[in-house]
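What follows is the residue order along each chain.
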Amino acid sequence: MIETIDLWFSYADREVLKGVNFRAKRGEVTVLMGKNGAGKTTLLLHLNGLLKPKKGEVILDGSKIEYNKKSLLELRKRVSIVFQNPDEQIIAPTVWQEVAFGPANAGIALEKVEEALKLVGLEGYEKRLCSQLSGGEKKRLSIADAIAMDPEFVILDEPTAGLDQLGFDAIVELIEKLRNAGKGIIIATHDFDLAKRVGDRFYYLEDGRIVYEGESLNFELARKIGIRTFGFGKLIISENEKIGSNFVVNLNGNAPNMEKIKKLLEAILKASEGHCVVVNFENGSLEKLKELLGETK
Ligand SMILES: Nc1ncnc2c1ncn2[C@@H]1O[C@H](COP(=O)(O)OP(=O)(O)O)[C@@H](O)[C@H]1O
Ligand SMILES: [Mg+2]
């Protein structure tokens, strides 16, 4: 487990973290949310020793991080960070050189490079120029950099920022693979879709303080403290695909009664609260609904 205890930090005289207690475990995805400027990136930078707290501690498996070279090297071997902007991270000309750079310096077997490229779906890209990759590919390359070091914790700062649906799906899949491999994953994100899809535990940071910690996303509070929740909550309509449905509506046979209408309203309400809800209209019930609505016009 990696944790912070009563962590305080300021840039010059601007106080940014104000007593943060945060923890993340292996085999779990811990999501840190907060509006722009809340201090998310600053907190992440403490977790692998890139910033030193003004007060408080960072603790990895019960051992306090000491801010000397040996302790920091050890920490960075075990906790890797992927920056928001891949261009800040990618330094080598080719894909292979880029991912091999860290392991070669740290004396880690180069098989890890191939493994990492495979995991992020960039096998076969070894000789390509990094500068010619797409945004999504660069993102995955920067993640390969981190996982080639075979860390126990992987930190991802806004991993889906600027990605399209395919890029998003690739990141979700990758995070799930890392979790299945037993890594601890820590994500700072604005993206409620991502948080909902992969998060096991959530923290909300507001103006340098943790204001929420829990195993479910709190939609109301998120909105209240200015976290963007647009796009969160979906009502998916399916027909005759009961598998995975939260609600099944059958309008055939007798007239739609209050029970059925209540079910539909409940589905809409759940979606409005931020859940992804699948409603299955059984046996032509969608057609039936259109008919009924037509009649009431
Ligand atoms: N290097 C820096 N020097 C001075 N102020 C900074 C620096 N980096 C971030 N800040 C300020 O610290 C606050 C928190 O920033 P950051 O941790 O990047 O927030 P977030 O990642 O939640 O958007 C912001 O007000 C930001 O302007
Ligand atoms: Mg940030």
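Everything in this summary refers to the structure shown in the same document. (Residues numbered from 1 in each chain as written. Chains lettered and ligands numbered in written order. Predicted model: local features only at pLDDT ≥ 70, side-chain atom pairs only at ≥ 80, totals over all residues. Heavy atoms only, no water.)

### Description of the site of ligand 1
- Inspection of the region around ligand 1 gives Tyr-11, Arg-14, Val-16, Lys-35, Asn-36, Gly-37, Ala-38, Gly-39, Lys-40, Thr-41 and Thr-42 as its neighbouring residues.
- In the model, an oxygen atom of ligand 1 is placed 2.9 Å from a nitrogen or oxygen of the Arg-14 side chain.
- Between ligand 1 and the protein, one listed contact pairs an oxygen atom with a backbone N or O atom of Gly-37 at 2.7 Å.
- Summarising the interface, the protein chains cover 60% of the accessible area of ligand 1, which totals 560 Å² for the free molecule. (Near = heavy atom within 4 Å. Polar contact = N/O pair within 3.5 Å; in protein donor to acceptor, adjacent residues only side chain to side chain. Areas by Shrake-Rupley, 256 points an atom, 1.4 Å probe, with all protein chains shown as cover.)

### Regarding the sheet that holds strand S6 (residues 79–82)
- Reading across the sheet, the six strands line up as S6-S7-S8-S3-S9-S10 and stay open at both edges, with mixed pairing between neighbours. Bordering the open sheet on either side are S6 and strand S10 (209–214), each of which pairs with just one other strand. Direction aside, the axes of adjacent strands within the sheet are offset by 15° on average.
- Across four bridges, S6 lies against strand S7 (residues 153–157) in parallel orientation. In the sheet register, Ser-80 faces S7, and the bridge partner there is Val-154.
- Packed onto the sheet, helix H5 (residues 135–147) meets S6 and S7 and runs at close to 165° relative to S6.
- On the sheet, helix H6 (residues 165–180) packs against strand S3 (29–33), S7 and strand S8 (184–188) and is oriented at approximately 145° with respect to S8. (Pairing = 2+ DSSP bridges. Helix = DSSP H or I, 4+ residues; strand = E, 2+ residues; numbered from the N terminus. Axes fitted to C-alpha atoms, helices over the stretch in contact; angles between N-to-C directions. Contact = heavy atoms within 4.5 Å.)

### Notes on the pairing of S8
- Across the five residues of S8, five count as buried, placing the element largely inside the fold.
- Burial along S8 is two-sided: Gly-184, Ile-186 and Ala-188 facing one way and Ile-185 and Ile-187 facing the other are all buried.
- One ladder, built from four bridges, connects S3 with S8; its direction is parallel. The residue of S8 that forms the bridge with Val-31 is Ile-187.
- Across five bridges, the pairing between S7 and S8 is parallel. Note that in S8 the partner of Ile-155 across the bridge is Ile-186.
- Note on the crossover from S7 through H6 to S8: the handedness is right-handed. (Buried < 20%, exposed > 50% of the residue type's maximum accessible area, 1.4 Å probe, protein only. Right-handed = clockwise from strand over helix to strand, strands pointing away.)

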